[in-house]
Amino acid sequence: MRPLEDYLVIDFSQFLSGPSAGLRLADMGARVIKIERLGVGDICRTLYTSNLIMNGESSVFHAINRNKESFEVDLKSEEDCEMVRELLKKADVMIHNFRPGVMERLGFDYQSVTALNPSIIYGEISGYGTDTEWKNKPGQDLLLQSVTGLTSLTGNADSGPVAMGLSIIDMLAGAHLAQGLLACLYRKAIKNEGGFVQVSMMESAYDFQFETITTFMNDGGSLPERSKKNNANAYLGAPYGIYQTENGYLALAMGSIPQLGNLLGCEKLEDYVDVSEAFDKRNEIKAILAEHLLSASTENWLSILEPADIWCADVLNWNALMAHDGFKVLNMIQEVEMMDGYKYKTTRCPIRIDGELLTSSKGSPKLGQDNEKIIKEFITQHTTANA
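Since we're looking at a predicted model, the values are computed, not measured.

Trainee: Just checking my understanding: could you explain the pairing of strand S10 (residues 249-252) for this structure?
Mentor: Sheet faces and side chains relate simply in a regular strand, where the side chains alternate between the two faces. Side chains Leu250 and Leu252 project from S10 onto a buried face, and the interleaved Tyr249 and Ala251 project onto a face without burial. Relative to S10, strand S9 (residues 241-244) is paired through four bridges, and the arrangement is antiparallel. Looking across to S10, one finds that Tyr243 is bridged to Leu250. Connecting S9 to the next strand, S10, in antiparallel fashion are four residues. By the bridge criterion, three bridges tie S10 to strand S11 (residues 312-314) in an arrangement that is antiparallel. Directly across from Leu252, in S11, lies its bridge partner Cys312.

Have a look at this one:
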């Protein structure tokens, strides 16, 4: 059995952040029922992030909602709300990521739900918290990256703010919610107490930057300055960065500049013997290094640097990565199947428990596909018992 077998999660959330938390709980064995709006469902079903449509719906929906059930309801209907309340009475966890005030209007806020089920663990994700003047702003990943300073860390000094190439704040907020829910599930197992877990995307974005923000706050308030060339971390000196080679790219982490010069046959680098120069003169060092690395292939440089225990790596695209034995041995890709027989490949849960890979063959649900089963299991029995 997986750790969360027999736990029931009712998930009202949409888009990425909340559903990613539900996905992680499902991977660990929980039964996750998505509450989806009548006729529309999770907006992510039709929020296309690429030109790829899979089985009539968005690829991102399939990626983040596998291994779940769908219960399609009209939350403006009292009859449907009553069915949802019956589910919540039996649930261990509830999740939502609506803006502050929405769940209060629907009657599924923390106070209302705990009145139905005092031992439930109630988890919510907001964009900016529930008490700030920004609380009604849209909690969208790019906007959060921008307003929290994250975009000031990526790219070279003259490139302006640069966003990360994926929805990192959504994923972090979902991971933080899952952590809080798991902590409360542990407490519930011991004391049979419920809990209220709150996460904001803004706080997750700040926590993501804990290392750099700590440096900033204790560095006299001086803003980080990205290097003009090959920047990868505003607070780290040369050689830290990604460099073009004759046939590709090479990533270099921390290392001694004179040692690099000696190994690479670049005499100019051997003159930078003062450790402080790696930061103070990083732009000129990186310029010298960048020009020199163009003279040979990535494979050539790796064959020199890796035996010397220099921290370096090839820079792979997904095609090259997935063809590599180092990736294949992890078995990170699994095939899942939807109820209508549609199959697709996606990633598995990255966690192993007792040596077991947490895989699942169950794909994402069609809108409302589980209504009949859920009503028969949770609602009809209640009606019959009260007759």
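Trainee: Help me out: how do you make sense of the sheet that holds S10 in this one?
Mentor: Working definition: the strands of a sheet are paired by backbone hydrogen bonds and lie parallel or antiparallel to each other. Across the sheet, three strands lie side by side as S9-S10-S11; this open sheet has antiparallel pairing. Of all strands in the sheet, those bounded by a partner on one side alone are S9 and S11. With strand direction ignored, the average angle separating the axes of adjacent strands in the sheet is 25°. In the packing of helix H12 (residues 282-293) onto the sheet, contacts are made with S9 and S10, and the angle to S9 comes to roughly 40°. Its contacts with the sheet put helix H13 (residues 298-305) on S10 and S11, and the angle it makes with S10 is roughly 30°.

Trainee: What should I look at first to understand the pairing of strand S7 (residues 121-126) in this one?
Mentor: Most of S7 is tucked away, with six of its six residues classed as buried. Along S7, one buried face is formed by Ile121, Gly123 and Ile125 and the opposite face, lined by Tyr122, Glu124 and Ser126, is buried too. Pairing between strand S6 (residues 93-96) and S7: four bridges, direction parallel. Bridge assignment links Met94 to a residue of S7, and that residue is Tyr122. Two elements, S7 and strand S8 (residues 195-200), share six bridges in a ladder whose sense is parallel. Bridge pairing links Glu124 to Gln198 in S8.

Trainee: Before we go on, may I ask you to explain the state of the cysteines in this structure?
Mentor: Put plainly, a disulfide is one covalent bond tying together the sulfur atoms of two cysteines. All told, the structure shown has zero disulfides when counted by the stated rule. Cys184 takes part in no disulfide bond, and the closest cysteine sulfur, belonging to Cys349, lies 20 Å away.

Trainee: Hey, could you run me through the side chain of Arg282 in this one?
Mentor: You can see Arg282 is positioned in helix H12. Of the side chains with opposite charge, Glu225 lies nearest to the buried Arg282, which makes no salt bridge, at 5.5 Å. A polar contact is formed between the side chain of Arg282 and the backbone oxygen of Ala234, at a distance of 3.1 Å.

Trainee: In this structure, what is going on with the sheet that holds S8? I would like to understand it.
Mentor: Here six strands make up an open sheet; going across it, the order is S5-S2-S1-S6-S7-S8 and the pairing parallel. The two strands at the open ends of the sheet, each matched to only one other strand, are strand S5 (69-73) and S8. Geometrically, the sheet is characterised by an average inter-axis angle of 20° between neighbouring strands, direction not taken into account. Strand contacts of helix H7 (residues 168-191): S6, S7 and S8, with the helix running at about 165° to S7, the strand carrying the most contacts.

Trainee: Would you mind going over unusual backbone geometry with me for this structure?
Mentor: Negative phi values dominate among residues other than glycine, just as trans dominates among peptide bonds. In the segment running from Ala238 into Pro239, the intervening peptide bond is cis, with an omega of 10°. For Pro239, the position within the fold is in the loop between helix H9 (210-217) and S9. Notably, Asn67 is not glycine yet its phi reads approximately 65°, a positive angle. The topology assignment puts Asn67 in the loop between helix H2 (59-64) and S5. Taking relative accessible area as the criterion, Asn67 reaches 14% and is therefore assigned buried. The backbone phi angle of Asp354 is positive, close to 55°, even though this residue is not glycine. One can find Asp354 in the loop between strand S14 (352-353) and strand S15 (356-357).

Trainee: What is the right way to look at the environment of Ile121 in this model?
Mentor: You can see Ile121 is positioned in strand S7. Taking the C-alpha atoms as reference, Ile121 lies 8.6 Å from Ala91; in sequence the two are 30 residues apart. Setting aside residues no more than four positions away along its own chain, Ile121 makes contact with Asp92, Val93, Met94, Leu181, Cys184, Leu185, Lys188, Gly194, Gly195 and Val197.

Trainee: Help me out: how do you make sense of the domain arrangement of the chain in this one?
Mentor: Partitioning the chain into domains gives domain 1 (8-208 + 332-386) and domain 2 (241-323). The gap between the C-alpha centroids of domain 1 and domain 2 is 42 Å.

Trainee: Sorry, what's going on with the packing of H7 against helix H8 (residues 201-208) here?
Mentor: In helix packing, the relevant descriptors are the interaxial angle and the interaxial distance, both defined with respect to the helix axes. With their axes 9 Å apart at the nearest point, H7 and H8 run at an angle of 100° to one another. Put simply, H7 runs roughly perpendicular to H8. Residues Ile168, Ile169, Asp170, Leu172, Ala173 and His176 of H7 form the contact with H8, whose own contacting residues are Met201, Ser204, Ala205, Asp207 and Phe208. Residue classes in the contact of H7 with H8 are distributed as seven nonpolar, two polar and two charged.

Trainee: Looking at this model, I keep getting lost on the nonpolar core. Mind explaining?
Mentor: The tendency in soluble globular proteins is for nonpolar side chains to be buried side by side. Counting residues in hydrophobic clusters, the biggest one holds 32 residues, and the most contacted among them are Leu25, Val93, Ile169, Leu177 and Leu181. Among the elements of the structure, helix H1 (17-27), S6, S7, H7, S8 and H8 are those that each provide at least two residues to this core. No other element matches H7, which puts nine residues into this core. The contact partners of Leu181, leaving out residues within four places of it in the chain, are Leu25, Val93, Ile95, Ile121, Gly123 and Val197. Formed by 24 residues, the second largest nonpolar core is a distinct cluster that contains Phe71, Cys81, Met83 and Met94.

Conventions adopted
Residues numbered from 1 in each chain as written. Predicted model: local features only at pLDDT ≥ 70, side-chain atom pairs only at ≥ 80, totals over all residues. Heavy atoms only, no water. Buried < 20%, exposed > 50% of the residue type's maximum accessible area, 1.4 Å probe, protein only. Helix = DSSP H or I, 4+ residues; strand = E, 2+ residues; numbered from the N terminus. Pairing = 2+ DSSP bridges. Axes fitted to C-alpha atoms, helices over the stretch in contact; angles between N-to-C directions. Contact = heavy atoms within 4.5 Å. Disulfide = S-S within 2.5 Å. Lys, Arg positive; Asp, Glu negative; His and termini not counted. Salt bridge = Lys/Arg side-chain N within 4 Å of Asp/Glu carboxyl O. Polar contact = N/O pair within 3.5 Å; in protein donor to acceptor, adjacent residues only side chain to side chain. Domains from an automatic or database assignment. Parallel < 35°, antiparallel > 145°, perpendicular 65-115°, else oblique. Nonpolar A, V, L, I, M, F, W, Y, C, P; charged D, E, K, R; others polar. Core = buried A, V, L, I, M, F, W, Y, C linked by side-chain atoms within 4.5 Å.

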